[in-house]
Amino acid sequence: MNGRMTWGKFLAGGIVVIALLAGAAMYWLQEYAYYTEASFKPGAEIMLTTIEGQQPEPIIADHVTGIDADSSPLRFRACFHTSMDQAMLTETYVAYPKAVPLNGPTWFSCFNATEIGEALEKGQALAFLSQSNIAPEIDRVVAVFPDGRAFAWHQISPDAGE
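A brief structural summary. Residue indices follow the written sequence of each chain, beginning from 1 at its first position. Given that this is a predicted model, residues contribute local features only at a pLDDT of at least 70 and side-chain atom pairs are listed and counted only at 80 or more, while totals for whole chains, interfaces and linings are drawn from all residues. Neither water nor hydrogens contribute to the side-chain values; these are computed over all heavy atoms in the structure.

This part is about a nonpolar patch on the surface. Candidates for patches are residues over 30% relative accessible area with no salt bridge; among them, like charges are joined within 9 Å and nonpolar side chains (Val, Leu, Ile, Met, Phe, Trp, Tyr) within 5 Å. Every accessible area reported is derived by Shrake-Rupley at a probe size of 1.4 Å, with residue values counting cover from the shown protein chains alone. When a carboxyl oxygen of Asp or Glu is within 4 Å of a side-chain nitrogen of Lys or Arg, the pair counts as a salt bridge. A grouping of Trp 7, Phe 10, Leu 11 and Ile 15 is seen on the molecular surface, where their side chains present a nonpolar patch of about 500 Å² in accessible area. The way it works is that DSSP assigns letters per residue, a run of H or I at least four long becomes a helix, a run of E at least two long becomes a strand, and they are numbered from the N terminus. By secondary structure assignment, the location of Trp 7 is in helix H1 (residues 2–33). Only protein chains enter the accessibility calculation, which uses a 1.4 Å probe. A residue is then buried if its area is under 20% of the maximum for its type, exposed if over 50%, and partly exposed in between. A relative accessible area of 56% means that Trp 7 is categorised as exposed.

Here we come to the sheet that holds strand E4 (residues 62–69). Two strands are said to pair when DSSP picks up at least two bridges between them. One open sheet accounts for six strands, arranged E1-E4-E5-E8-E7-E6; its pairing is antiparallel. Every other strand in the sheet has two partners, leaving strand E1 (35–37) and strand E6 (126–135) as the edge strands with one partner each. If you compare each strand with its neighbour and ignore which way they point, the axes differ by 20 degrees on average. In the sheet, E6 pairs with strand E7 (residues 138–144) via six bridges, with the strands oriented antiparallel. Pairing of Ala 127 across the sheet is with Ala 143, part of E7. Simply put, an axis is a line fit to the C-alpha atoms, just over the touching stretch for a helix, and the angle between two N-to-C directions goes from 0 to 180 degrees.

Generally speaking, soluble globular proteins have nonpolar side chains that are buried together. The term nonpolar core refers to a set of buried residues drawn from Ala, Val, Leu, Ile, Met, Phe, Trp, Tyr and Cys, joined through side-chain atoms within 4.5 Å. Ranked by internal contacts, the top residues of the largest apolar core, which has 20 residues, are Ala 99, Phe 111, Ile 116, Leu 120 and Trp 153. Counting only elements with at least two residues in this core, the list comes to helix H3 (113–122), E6, E7 and strand E8 (149–156). If you look at the next biggest cluster of nonpolar residues, it comprises 16 residues, including Leu 89, Tyr 93, Val 144 and Ala 150.

So, on to the state of the cysteines. Should the sulfur atoms of two cysteines be covalently bonded, the bond is a disulfide. Any cysteine sulfur atom paired with another within 2.5 Å is treated as part of a disulfide. In total, this model carries one disulfide according to the counting rule given. Bridging Cys 79 to Cys 110, the disulfide has an S-S length of 2.1 Å. The disulfide joining Cys 79 to Cys 110 has a torsion of about 85 degrees about its S-S bond and is therefore right-handed. In this pair, Cys 79 sits in strand E5 (residues 77–81) while Cys 110 sits in the loop between helix H2 (86–92) and H3, placing the two residues 31 residues apart along the sequence. With relative accessibility at 6%, the residue Cys 79 sits in the buried group. Note on Cys 110: relative accessible area 32%, which makes it partly exposed.

With that settled, consider the side chain of Thr 50. Within the fold, Thr 50 resides in the loop between strand E2 (47–49) and strand E3 (56–58). By relative accessible area, which is 10% here, Thr 50 ends up buried. Between N or O atoms, a polar contact is any pair within 3.5 Å; within protein, one atom must be a potential hydrogen donor and the other a potential acceptor, and residues adjacent in sequence are included only when both atoms are from side chains. There is a polar contact of 3.2 Å between the side chain of Thr 50 and the backbone nitrogen of Gly 53. Any pair of residues with heavy atoms lying within 4.5 Å of one another is described as a contacting pair. Apart from residues no more than four positions distant in its own chain, Thr 50 is found in contact with Gln 55, Glu 57, Thr 92, Tyr 93 and Val 94.

A word on the pattern of salt bridges. Counting across every chain of the model gives two salt bridges. Here Asp 147 makes a salt bridge to Arg 149, at a shortest N to O gap of 2.9 Å. Given the relative accessible area of 30%, Arg 149 is considered partly exposed. Taken together, the shared-partner salt bridges in this structure form one network comprising Glu 115, Asp 147 and Arg 149.

Our focus in this paragraph is H3. Every α-helical turn comprises 3.6 residues, leaving residues that sit three or four positions apart pointing alike. Every buried residue of H3 is accounted for by Ala 113, Ile 116, Gly 117, Ala 119 and Leu 120. Projected down its long axis, H3 shows its buried positions confined to an angular sector of 165 degrees, all on one face. For H3, the exposed residues set more than 90 degrees away from the buried face come down to Glu 121 and Lys 122. Looking at the buried positions of H3, the neighbouring elements they touch are E6, E7 and E8. What the arc describes is the spread of directions from the helix axis to the C-beta atoms.

In structure tokens, the structure reads:
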């Protein structure tokens, strides 16, 4: 009987170790494995779609940093600053009424989806269409705060599937 208890403890311990390793691997894959630094075209790092021409055009964007991944078009996130004020942006660029920022990896600390989402709901930040269909049924969205902080992400187009 004593040998069976030892074998059972060994088996249970092995299962726990395998589960811990699998959990750590899944965490690493979700948080780090697929992300790379996003590349931006100099002078056209961030674009917004104009009301009049319905075409994306570059806006003033400083200190642009971003991440992206080939594994999913929804993994794009960017943080930047713009000197363009909300009133001018509202008069010139297409608003995005159903903006919902998606959580990014915790290590990309400049992008806080909860803070951005709450500011959008309260009207403190305004969302604009950067580019529609940047990937099939995926839009790039930009949110701008009154102090010029701004954030970009990809989300499923509200028109997808219609």
